[in-house]
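Chain by chain, the residues run as shown.
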Amino acid sequence: MNSYSGFSLFRNALTGHRHWSRAWRDPVPKKHYDVVIVGAGGHGLATAYYLAKYQGVKNVAVLEKGYLGGGNSGRNTQVSRSNYFYPESGAFYEHSLKLFENLAQEINFNVMFSQRGVLAICNSPHEMELYRRWANAIQMNGIDSKILSREGIKKLIPHINLDCRFPVYGGFIQKRGGISRHDAVTWGYARQASAAGVDIIQQCEVVGMDSSDSRVTTVHTTRGTIAADKFALCVAGHSSQLAAMAGLRLPITSIPLQAMVTEPVRPILHTCLVSAHIHVYVSQSDRGEIVIGGGADLYNSYAQRGGLPVQHENMEALLELLPIFSRLRLMRQWAGVCDMTPDVSPIVGKTPIDNLYISTGWGTGGYKAIPAGGDTLAHTMVHDQAHDLLKPFQLDRFETGHLIDEGAASGVAH
Amino acid sequence: MLRIKCPWCGVRDQTDFQFGGESHIARPETPEHASDAEWANYLYFRKNPKGLHYERWVHSYGCRQWFNIARDTLTHEIIEVYKMGEQPSTRSDTGKANKK
Ligand SMILES: Cc1cc2nc3c(=O)[nH]c(=O)nc-3n(C[C@H](O)[C@H](O)[C@H](O)COP(=O)(O)OP(=O)(O)OC[C@H]3O[C@@H](n4cnc5c(N)ncnc54)[C@H](O)[C@@H]3O)c2cc1C
Ligand SMILES: [Zn+2]
């Protein structure tokens, strides 16, 4: 595999970019692997990468029913931050943010991580009181978080309409938060995993599983039967279906979350703006598109499109805050099927089935978690014991009652 | 946009309604004897099918009555609307909606 660099770009330009090597291999599935991971989204690919690169497990396959990165990892709004309320979440997401800060070097792929700040604004005095408490709690977790006044917000986003319906009272910002390029993250992990020996097998849907003695032995796929010593499910919105193949029930509900982008314009918005109250979040991509998201469609659905009413709500909220965008044309709109848990925190680790591991419940906020999710799940699979950062995020918390209720705490779960 | 037929008011836009999750979930008969696993199952674990789903909705901005719907979670087709306390006439064990 050739390394990507300014020099390689220059050299390939001289030969008309005709000699770039393939980014990853397209192998035929083998009959047996040490580890089979189902789902080539960010979490599946990152897990494979950390297994091969850091845990010495190279005989790994990642099975993907469509194309890699075609699920939520290629559909999200790319926001990373670690300003979660509870210490358990803070520790985990801070690990991920730190990995993001060095990710381009780590995987030799420009993921364009731009730490432009993630600003959450308050649209009521009560919310402002809560946010002061949150900002404090976050600082107590050792994570940067700063309260901004109305003037501070106006300075950051001159076009904002502070006196909209539900006027802006202030907000808090995590300056180390930001956005990156989601395709680059999945492609980068895929490329390095493949180079380290991982077989990434696309167009390969898992349709059934065989188990005996509380162990999964083989998976049935559209490209034949594959056996492995250990299996991991990293299938986001399809977690309930895959778990059911192994006879397992999950506390997961699949709902669609939408996003949309406008036509590209010159740089105008230099931070990620989030309002939990009137429910919209917006940033500008490196291509100049205004990227908009908001509330989810609140009913079970496996349709990756989302409904019109939510789209309208997102737009109303956006135009209240930033009327300057009213004449932009929307270019694309889509949705991803999100794996929601009752406490809006993920479930990552072991399952009641001995050699089956799971990474799910990332819901509407698991893009930022991809590096840490992969790192800690790989560690968990090798040691057959939850990584320290994952201990609070085990499936049994729904029986013991130790929920990590981030749904209420982070206000907006992105 | 879903168009939902409230059994009391007739067809209205989805924005009139709110979703109330899976239907027919029974609270443990003798709560004082229910195990942690039974409580977890009742409170948190859901069927989440890709296909036919029995679910509750409430006509929040209309008559404010709760009722049940049998809906396909992939196509969003509403196959049946039935009242609280009633059982659906649409049945499926494959998870795929099949019209009666
Ligand atoms: C619109 C939107 C905006 C979002 N914004 C943000 C954000 O700003 N910040 C943030 O942190 N998070 C965000 N998220 C959440 C984030 O995108 C997800 O949590 C994350 O990408 C999940 O990664 P994953 O690898 O678990 O799942 P996915 O990327 O969905 O990968 C799962 C893969 O499994 C495959 N699969 C499914 N079934 C099978 C099968 N039977 N056999 C083989 N393969 C199968 C799928 O095809 C898919 O490729 C957003 C999500 C959406 C939808
Ligand atoms: Zn009604």
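So, here's what we can say about the structure. The written sequence of each chain sets the order in which its residues are numbered from 1. Working convention: letters from A go to chains and numbers from 1 go to ligands, in the order in which they are written. Thresholds applied to this predicted model are a pLDDT of at least 70 for local features of residues and 80 or more for the giving and counting of side-chain atom pairs; totals over whole chains, interfaces and linings are not thresholded and use all residues. Calculation of side-chain values draws on the structure's entire complement of heavy atoms; hydrogens and water are dropped beforehand.

So, the overall build of chain B
Part 1: Counting from the N terminus, the helices are DSSP H or I runs at least four residues long and the strands are E runs at least two residues long. Scanning chain B for helices and strands turns up 1 helix and 6 strands.
Part 2: In chain B, the succession of helices and strands from N to C terminus is β-β-β-α-β-β-β.
Part 3: Along the longest, intermediate and shortest principal axes, the C-alpha atoms of chain B span 45 × 30 × 20 Å.
Part 4: For chain B, the proportion of its 100 residues judged to be buried stands at 40%.
Part 5: Note on areas: Shrake-Rupley with a 1.4 Å probe; residue coverage comes only from the protein chains shown. Just so you have it, chain B exposes about 6000 Å², and 47% of that area is on carbon and sulfur atoms.
Part 6: Charge convention: Lys and Arg are scored as positive, Asp and Glu as negative, and His as well as the terminal groups of each chain are ignored. We put the charge of a Lys on NZ, of an Arg on CZ, of an Asp on CG and of a Glu on CD. Taking the average place of the 15 positive charges on the side chains of chain B and the average place of its 13 negative ones, the gap between the two points comes to 7 Å. Burial classes follow relative accessibility: with a 1.4 Å probe on protein chains only, a residue under 20% of its type's maximum area counts as buried, one over 50% as exposed, and anything between as partly exposed.

Some details on the packing of aromatic side chains
Part 1: We call Phe, Tyr and Trp rings a pair once their centres come within 6.5 Å, taking the six-membered ring for Trp, and we label the pair stacked below 30 degrees between planes, edge-to-face above 60, and tilted otherwise. The final tally for this structure, using the stated rule, is 21 aromatic pairs over all chains.
Part 2: Measuring from centroid to centroid gives 5.8 Å for Y50 of chain A and Y189 of chain A, while their planes differ by 55 degrees, and the two rings are tilted. Taken together, the residues Y50 of chain A in helix α2 (residues 42-54) and Y189 of chain A in helix α7 (residues 182-195) connect sequence positions 139 residues apart.
Part 3: Y189 of chain A sits in the buried class, given a relative accessible area of 0%.
Part 4: Aromatic side chains F398 of chain A and Y44 of chain B sit 5.5 Å apart centroid to centroid with 65 degrees between the ring planes, which places their arrangement in the edge-to-face category. Here F398 of chain A is found in helix α11 (residues 397-400), whereas its partner Y44 of chain B is found in the loop between α1 (36-43) and β4 (52-58) on a different chain.
Part 5: For F398 of chain A, a relative accessible area of 3% puts it in the buried group.
Part 6: In this structure an aromatic cluster arises from ring pairing among Y84, F92, Y93, W362 and F393 of chain A.
Part 7: It is R81 of chain A that lies over the ring of Y84 of chain A; its NZ or CZ is 4.6 Å from the centre.
Part 8: Both a distance and an angle decide whether a charge sits over a ring: NZ of Lys or CZ of Arg must be within 6 Å of the ring centre and within 35 degrees of the ring normal. Seen from the ring of Y4 of chain A, R191 of chain A lies directly overhead, with NZ or CZ sitting 3.4 Å from the centre.

Observations regarding the coordination of the zinc ion (ligand 2)
For a metal with four tetrahedral donors the ideal donor-metal-donor angle is 109.5 degrees, whereas six octahedral donors ideally subtend 90 or 180 degrees.
Residues and elements named next belong to chain B.
Part 1: Only nitrogen, oxygen and sulfur atoms qualify as donors, and only when within 2.8 Å of the metal (3.2 Å in the case of Na, K and Ca); with water excluded, sites may look incomplete. C6 (SG), C9 (SG), H59 (ND1) and C63 (SG) make up the full set of protein donors to the zinc ion (ligand 2), lying at 2.0 to 2.3 Å.
Part 2: For the zinc ion (ligand 2), the 4 donor atoms in the first shell make angles of 103 to 120 degrees at the metal, a pattern classed as tetrahedral.
Part 3: Among the residues examined, C6 registers a relative accessible area of 1% and is labelled buried. In these descriptions, tetrahedral denotes four donors with every angle between 85 and 135 degrees, square planar four donors and octahedral six donors with opposite donors over 155 degrees apart and the rest between 65 and 115, and irregular any other case.

What to know about the interface of chain A and chain B
Part 1: Contacts: residue pairs with any heavy atoms within 4.5 Å of one another. The interface is formed by 24 residues belonging to chain A together with 23 residues belonging to chain B.
Part 2: Of all residues in chain A, R249, Y299 and N300 of chain A give up the largest surface area on contact with chain B, accounting jointly for 32% of the area buried on that side.
Part 3: Salt bridges are defined as contacts in which a side-chain nitrogen from Lys or Arg sits within 4 Å of a carboxyl oxygen from Asp or Glu. Linking chain A with chain B are 0 salt bridges, by the criterion used here.
Part 4: Here a polar contact is taken to be a pair of N or O atoms separated by no more than 3.5 Å, where protein atoms must pair a possible hydrogen donor with a possible acceptor and residues adjacent in sequence count only if both atoms sit in side chains. Across the chain A-chain B interface, the total number found is 11 residue pairs in polar contact (both at pLDDT 80 or more).
Part 5: Elements that contribute at least two residues to the side of chain A that touches chain B include exactly α8 (239-245), β12 (253-262), α9 (308-321) and α11 of chain A.
Part 6: The class makeup of the residues in the side of chain A that touches chain B is 13 nonpolar, 7 polar and 4 charged. By buried area we mean how much accessible surface two parts lose on assembly, using a 1.4 Å probe and totalling the loss over both. Amino acid classes used here: Ala, Val, Leu, Ile, Met, Phe, Trp, Tyr, Cys and Pro are nonpolar; Asp, Glu, Lys and Arg are charged; the rest, including Gly, are polar.

A look at the sheet that holds strand β3 (residues 18-22) of chain B
Residue and element names in this part refer to chain B.
Part 1: When DSSP finds two or more bridges between two strands, those strands count as paired. On the basis of which strands lie adjacent, the open sheet formed by 4 strands has the order β3-β4-β5-β6 and antiparallel pairing. Each edge of the open sheet is held by one strand with a lone partner, namely β3 and β6 (78-83). Averaged over all adjacent pairs, the angle separating strand axes in this sheet is 30 degrees, with direction ignored.
Part 2: Bridging between strand β5 (residues 66-72) and β6 involves 5 bridges; their strand directions are antiparallel. Bridging across to β6, N68 finds its partner in Y82. For every element, the axis is a line fit to its C-alpha atoms; helices are fit only across the contacting stretch, and the angle between N-to-C directions ranges from 0 to 180 degrees.

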